[in-house]
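# Fold and contact review
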Amino acid sequence: MTVLPSAPAPGTTVLEAEDLRVQLPTENGVLTAVDGVTFTLQAGRTLGLVGESGSGKSLTAKTLLRLNPKQFEESGRVTLHETSQEDQIDLMELRRDGAAIRSVRGRRVAMIFQEPMSAFSPLYTIGNQIMEAILLHRTSDRVEAREICVGMMQRVGIADAERRVDQYPHEFSGGMLQRALIAMALSCEPEVLIADEPTTALDVTIQAQVLELMRELQQEFGMAILFITHDLAVVAEMCDEVAVMYLGRIVERAPVREIFKHPKHPYTKGLLRSIPRIGMGRQERLYAIEGTVPQAIDMPPMCGFADRCTMRIDGVCDTARPRRVEVSPEHEVSCFLHDEDGTRDALAAGHESTGDEPGATAPRADEPRTDGPRTDGAAAESPGSQGPVERTRS
Ligand SMILES: Nc1ncnc2c1ncn2[C@@H]1O[C@H](COP(=O)(O)OP(=O)(O)OP(=O)(O)O)[C@@H](O)[C@H]1O
Ligand code: SF4
Ligand SMILES: [Mg+2]
């Protein structure tokens, strides 16, 4: 039997994604779907990735495992640390279909895909497909592989797993397929688990069981988890840290308690306000962020949220992209409201390009503006990355 590498100590950095960028061709031009995304995954800890539909969460996840189609242009670094911490590999340097990345997929970094139906081949039994990874990475003994497979199917709540293991995907309901996918991902006890909306298709009791199982296995094996979800209640329960994604960028990142207690970015605040609360009157309407996520094609150098932001500072937010700044330990945000120097620079650049008289100061908008989010476009300069982190006061 193959001996699995011993689990790294909790908090050890297992995977680092740096300045990930994914561009893809569309009918309307080149879409920058992931734009300078940086984060770290640590052993025994869970990073939640949240954001509206189309913000680039799944593409970020697939980029880590080099699963994007060849026509997508990718850049950045994905460093997978060896258990010793001395050796590292940059997954972005591996061929997308080569043996090296295939030996990482499933064994060291496993993914629970958002669409369970497309993750299984209709031609093979569920058991065969789960066992394939076990045989490749854990044991060459088919009897043992089957036992591991059935055991894992039982642990994710698939009743009658002994019989179900020989069934085909079309004989499974959507929720059961999702659980089979989770069993497949966990069966090789990976160092990193990427879970893309893993419980969306499940009813609440099974969802609770599966989340509990993921937590248990995380404690047992010290897995680092990237947990992608729309559900902020699940984030509160599962994650140690949260990264909020908007239009291909991480706009805020902080420990989970901090983000719920002291959100800084207007988009994060909007997301949190849109959660239903117990005790809310029936007449009380749920908050909804106005507008929709724009398409990131030929984006001018402005804050991507500016068209929808009720706190927007005209002449600043529409002239440059906000940098990433650290507002308190471990809490980073990209918003001019929290970056006085960046605001001053953006104002100066705006004046230079428009020829306006200097002297105006940016409104330090602590109160939402009342004229609503702006809907027009803005002057363009060449776009830049989120850049290095600056320290600032909140
Ligand atoms: N295979 C593809 N071909 C063309 N465009 C794509 C493809 N995959 C993703 N995109 C586009 O890239 C952007 C980011 O997509 P992605 O699937 O990462 O979003 P997401 O945040 O996971 O959304 P959701 O919450 O709906 O799953 C979207 O605009 C999407 O339309
Ligand atoms: S205040 Fe400006 S920088 Fe901050 S989110 Fe709103 S538009 Fe973007
Ligand atoms: Mg997705």
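Above this note sits the structure.
Computed from a prediction, not measured in an experiment: that's the story for all the values here. (Residues numbered from 1 in each chain as written. Chains lettered and ligands numbered in written order. Predicted model: local features only at pLDDT ≥ 70, side-chain atom pairs only at ≥ 80, totals over all residues.)

## Remarks on the site of ligand 2
Inspection of the region around ligand 2 gives 14 residues, with Cys 303, Ala 306, Cys 309, Cys 317 and Cys 335 positioned closest. Residue composition of the shell around ligand 2, by class: twelve nonpolar, one polar and one charged. (Near = placed C-beta within 6 Å. Nonpolar A, V, L, I, M, F, W, Y, C, P; charged D, E, K, R; others polar.)

## With respect to the nonpolar core
By size, the foremost hydrophobic cluster in this structure holds 103 residues, and its most contacted members are Cys 149, Met 153, Ala 180, Leu 226 and Val 244. Setting aside anything within four residues of it in sequence, one finds Met 153 in contact with Ile 158, Ala 161, Arg 164, Val 165, Ala 180 and Ala 183. (Core = buried A, V, L, I, M, F, W, Y, C linked by C-beta atoms within 7 Å. Buried ≥ 20, exposed ≤ 12 C-beta atoms within 10 Å, placed from the backbone. Contact = placed C-beta atoms within 7 Å.)

## Focus: the site of ligand 1
In the vicinity of ligand 1, the contacting residues are Leu 24, Ala 33, Gly 51, Ser 53, Gly 54, Ser 55, Gly 56, Lys 57, Ser 58, Leu 59 and Gln 114. Here the shell around ligand 1 gets three residues from one element, more than from any other, and that element is helix α1 (residues 57-64). Split into classes, the residues belonging to the shell around ligand 1 amount to three nonpolar, seven polar and one charged. (Helix = DSSP H or I, 4+ residues; strand = E, 2+ residues; numbered from the N terminus.)

## Re the pairing of strand β10 (residues 249-255)
On any regular strand, side chains alternate: one points to one face of the sheet, the next to the other face. Here β10 lies mainly inside the structure; six of its seven residues are buried. In the sheet, strand β9 (residues 241-246) pairs with β10 via six bridges, with the strands oriented antiparallel. Bridge assignment links Val 244 to a residue of β10, and that residue is Glu 252. Where β9 folds back on β10, the antiparallel hairpin that results is connected by two residues, among which Leu 247 adopts a positive phi of roughly 50°. When β10 meets strand β12 (residues 331-333), the two strands line up antiparallel, connected through two bridges. Counted as the bridge partner of Glu 252 is Val 333 from β12. (Pairing = 2+ DSSP bridges.)

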